[in-house]
Amino acid sequence: MRLSLSTLDRLPRDVRRPAYDLATVSVGVVHLGVGAFHRAHQAVYLDDCLARGATGWAVCGASLRSPDTSDALDPQDGLYALAVRSGAGDDLRVVGSLRRLLVAPREPQALLVAMSDPKVRIVTLTVTEKGYCHDPATGALDERHPDIIADLANPSAPKSAPGYLVEALARRRAAGVAPFTVLCCDNLPANGETVAKVVTRFATLRDPDLGRWVEGEVAFPCTMVDRIVPATTDADRALVAGRLGLEDAWPVMAEPFSQWVIEDRFPTGRPPLEEVGAQLVADVRPYEDMKLRLLNGSHSTLAYLGYLAGKETISDVMAAPAFARLVAALQDSEVTATVPPAPGADLAAYKQALRERFANPALKHRTWQIAMDGSQKLPQRLLAPIRDRLAAGAPLPLLALGVAGWMRYVSGQDEAGKPIDVRDPLAARFAAVAAEAGGDAGRLADGLLAIREVFGTDLPADPRFTGPVRAALASLYRQGAAATVEAAVAQA
Ligand code: CS2
């Protein structure tokens, strides 16, 4: 028997369920990219808002690519379980905020109609870094991106996130409906500003007048989102079914920690998110730097070096003492100095909590999952603090080691000579560079450093950066990741 509206009352007592009448809520948010992260984060905050009586803020969730989530949740009336995993066990709740599911490639017009509905006042997005079709080094729209070219040629049947946003905004404008607020919930630097730039440029390319209107009328608040949400496995499904006494085709698994810092700029209204644990602030930047550089920067470093050292999950990596010391040293002696204090944040406690979160053995967060799409992640996670260190004349051996770990990883061959399944929009370029380099660390570094979309033009020209990266990469080839990390922490 499957989880659904008609089986809700069969849930055992220790599983929380929507504390409101699901039939009386209405959709006020369209979400693009209805994957596990959204369902463990924004959808939960909105579920709590609905339970507090803010009944106009249910979600219509759309996938821009795969129909899998929709196919899994449609028979369940959009209901799914969230399992919060810690050493203390798994805490389960069923989330009800997702009231409608759409698959954009199957029903693009239905999605555009939903986005044009005057009752929808916010469009949230988690389409991953690459989903914005921008150049990661500059943040500008990639005008040669195939989806952007297609969407400019055929704006009323879009494929990309910018294409959907602009077409829906154009329809609202034509109908005299106020624009929705665009709330990016991806780990991009200055995410609201970056998406504003991309969307405004796309609108301008369609029609300069539309571009001016988007620039003047649409709000793109910045946000910092945080919750570790590993991909769901079949073992997770079995565990959840056991607890629910019902099948759930796609539950989500998350850590106890959750944070959402939001720039409070919603001209047409918003749900009472401050009542359900979100922080509404005037400036997200300090929170974002703290999170992208300390959490995500460490995460990527652990993912690349940990994968190379044969570790399956982040908690496995953290269980190796040298790697745990690496994170502490990276954070304390290199990254912290580049992170301006966020109001009310206690950095020492934040870092301590991060290390404990990474070590949570109940979360099976695969190094391979985090290693994906490095070309889109490195600039804000590792290269931004590196630029700050360079500007301050400060050394950066551990940040450089993280970058070298990425280089060794995207070479596509692990330390035992086995192929690595490198997932990245630039994977074909990495493979060409690696083939050219033929296993030579120096040539691999040269080829990868020349990728402007990742490194820009400043970093490859600065020997204070390229020197330590080359040295670390040479060591990774010579003695492997585990020994290189040992040596690096011995010196730190
Ligand atoms: C991770 C993030 O996959 C990744 O790149 O670093 O998804 C990370 O788990 C989240 O940002 C935590 O909030």
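## What to know about the sheet that holds strand 6 (residues 122-125)
Read across the sheet, five strands follow the order 5-2-1-6-7 without closing on themselves; strand pairing throughout is parallel. The open sheet has two edge strands, strand 5 (98-103) and strand 7 (181-184), and neither has a second partner. Put simply, the sheet's adjacent strands are angled 20° from each other on average, direction ignored. Pairing geometry for strand 1 (residues 27-32) and strand 2 (residues 58-63), over five bridges, is parallel. When the bridges of strand 2 are listed, Val-29 appears paired with Val-59.

## Let's talk about the side chain of Ser-116
By the secondary structure assignment, Ser-116 is in helix 4 (residues 108-116). Looking at Ser-116, the relative accessible area reads 17%, which means it is buried. A distance of 2.6 Å separates a polar side-chain atom of Ser-116 from the backbone oxygen of Leu-112. With near-sequence residues (within four places) excluded, Ser-116 lies in contact with Ala-168, Arg-171, Arg-172 and Val-177.

## Some points on the site of the ligand
Close to the ligand lie Asn-187, Val-225, Asp-226, Arg-227, Ile-228, Lys-291, Asn-296, His-299, His-365, Ile-370, Lys-377 and Arg-381. Within the side chain of Asp-226, an N or O atom sits 2.6 Å from an oxygen atom of the ligand. A distance of 3.0 Å separates an oxygen atom of the ligand from a polar side-chain atom of Asn-296. Considered on its own, the ligand offers 340 Å² of accessible surface; in the complex 88% of this is hidden by protein. Of all the secondary-structure elements, those providing two or more residues to the shell around the ligand are strand 8 (223-226), helix 10 (285-308) and helix 15 (374-391). Among the elements that make up the shell around the ligand, the one with the highest residue count is helix 10 (three residues). Looking at the shell around the ligand residue by residue, the classes come out as three nonpolar, four polar and five charged.

## Description of empty space enclosed by the protein
In this structure the tally under the stated criterion is three cavities of 30 Å³ or more. Quantified by volume, the largest cavity comes out at close to 60 Å³. In terms of lining, the largest cavity is formed by Asp-186, Asn-187, Leu-188, Asn-191, Thr-223, Met-224, Val-225, Glu-288, Lys-291 and Leu-292. Elements represented by at least two residues in the lining of the largest cavity include exactly strand 8 and helix 10. The class makeup of the residues in the lining of the largest cavity is four nonpolar, three polar and three charged.

## What to know about the packing of aromatic side chains
Evaluation of the coordinates by the stated rule reveals six aromatic pairs. Judged by centre distance (6.0 Å) and plane angle (45°), the rings of Phe-455 and Phe-465 are tilted. With a gap of 10 residues between them, Phe-455 in helix 19 (residues 452-455) and Phe-465 in helix 20 (residues 463-491) connect regions that are remote in the sequence. Classification of Phe-455 by relative accessible area gives buried; the value is 0%. Among the residues examined, Phe-465 registers a relative accessible area of 0% and is labelled buried. Members of the aromatic cluster, joined through ring pairs, are Trp-406, Phe-430, Phe-455 and Phe-465.

## Let's talk about the pattern of salt bridges
Side-chain pairs of opposite charge can arise where the charged atoms are in close proximity. Using the criterion set out here, one finds 36 salt bridges in the structure. Of the charged contacts in the structure, one is a salt bridge between Glu-275 and Arg-52, with a shortest N-O distance of 2.8 Å. Of this pair, Glu-275 sits in the loop between strand 10 (259-263) and strand 11 (279-281) while Arg-52 sits in the loop between helix 2 (42-51) and strand 2; the two residues are 223 residues apart in sequence, bridging distant segments of the chain. One salt-bridge network, held together by shared partners, links Arg-285, Glu-288, Asp-289, Arg-293 and Asp-388.

## Considerations on unusual backbone geometry
Its identity as a non-glycine residue notwithstanding, Cys-133 has a phi of 55°, on the positive side. Topologically, Cys-133 is positioned in the loop between strand 6 and helix 5 (146-153). A positive phi angle, near 40°, is found at Ala-190, a position not held by glycine. For Ala-190, the location among the structural elements is in the loop between strand 7 and helix 7 (191-206). Exposure remark for Ala-190: the relative accessible area of 8% places this residue in the buried category.

## Here we look at the nonpolar core
If you look at the biggest cluster of nonpolar residues, it comprises 76 residues, and the most contacted ones within it are Met-407, Phe-455 and Phe-465. Here this core takes 10 residues from helix 16 (residues 397-410), the largest share from any one element. Once you skip the residues sitting within four places of it in the chain, Phe-465 turns out to touch Leu-383, Ile-386, Leu-390, Leu-396, Val-403, Leu-449, Phe-455 and Leu-459. Within the second largest apolar cluster, 41 residues are counted, among which are Leu-111, Tyr-164, Ala-170 and Val-182.

## Considerations on the packing of helix 5 against helix 7
The relative placement of two packed helices is expressed as an angle between their axes plus a distance between the axes. Where helix 5 meets helix 7, the closest approach of the two axes is 10 Å, and the angle between their N-to-C directions is 40°. As judged from the angle between their axes, helix 5 and helix 7 are oblique. The handedness of the crossing between helix 5 and helix 7 comes out as right-handed. Contacts from Ile-148, Asp-151 and Leu-152 in helix 5 reach Phe-202, Leu-205 and Arg-206 in helix 7. Looking at the contact of helix 5 with helix 7, its residues break down into four nonpolar, no polar and two charged.

## Structural notes on the pairing of strand 6
Residues of strand 6 alternate between two faces, with Ile-122 and Thr-124 on one and Val-123 and Leu-125 on the opposite face, all of them buried. Alignment of strand 1 against strand 6, held across four bridges, turns out to be parallel. Across the sheet, residue Val-30 finds its bridge partner in strand 6, namely Val-123. Inspection of the sheet shows strand 6 paired to strand 7 by four bridges, in the parallel sense. The partner of Val-123 across the bridge, within strand 7, is Val-182.

Rules used in this analysis
Residues numbered from 1 in each chain as written. Predicted model: local features only at pLDDT ≥ 70, side-chain atom pairs only at ≥ 80, totals over all residues. Heavy atoms only, no water. Pairing = 2+ DSSP bridges. Helix = DSSP H or I, 4+ residues; strand = E, 2+ residues; numbered from the N terminus. Axes fitted to C-alpha atoms, helices over the stretch in contact; angles between N-to-C directions. Buried < 20%, exposed > 50% of the residue type's maximum accessible area, 1.4 Å probe, protein only. Polar contact = N/O pair within 3.5 Å; in protein donor to acceptor, adjacent residues only side chain to side chain. Contact = heavy atoms within 4.5 Å. Near = heavy atom within 4 Å. Areas by Shrake-Rupley, 256 points an atom, 1.4 Å probe, with all protein chains shown as cover. Nonpolar A, V, L, I, M, F, W, Y, C, P; charged D, E, K, R; others polar. 1 Å grid on protein atoms, 1.4 Å probe; cavity = no way out; pocket = protein on both sides within 12 Å on 5 of 7 lines; lining within 4 Å. Points joined across faces, edges and corners; volume = space filled by probe spheres on them. Phe/Tyr/Trp six-rings, centres within 6.5 Å; stacked < 30°, edge-to-face > 60°. Salt bridge = Lys/Arg side-chain N within 4 Å of Asp/Glu carboxyl O. Core = buried A, V, L, I, M, F, W, Y, C linked by side-chain atoms within 4.5 Å. Parallel < 35°, antiparallel > 145°, perpendicular 65-115°, else oblique. Left-handed = near helix turned anticlockwise from the far one by under 90°.

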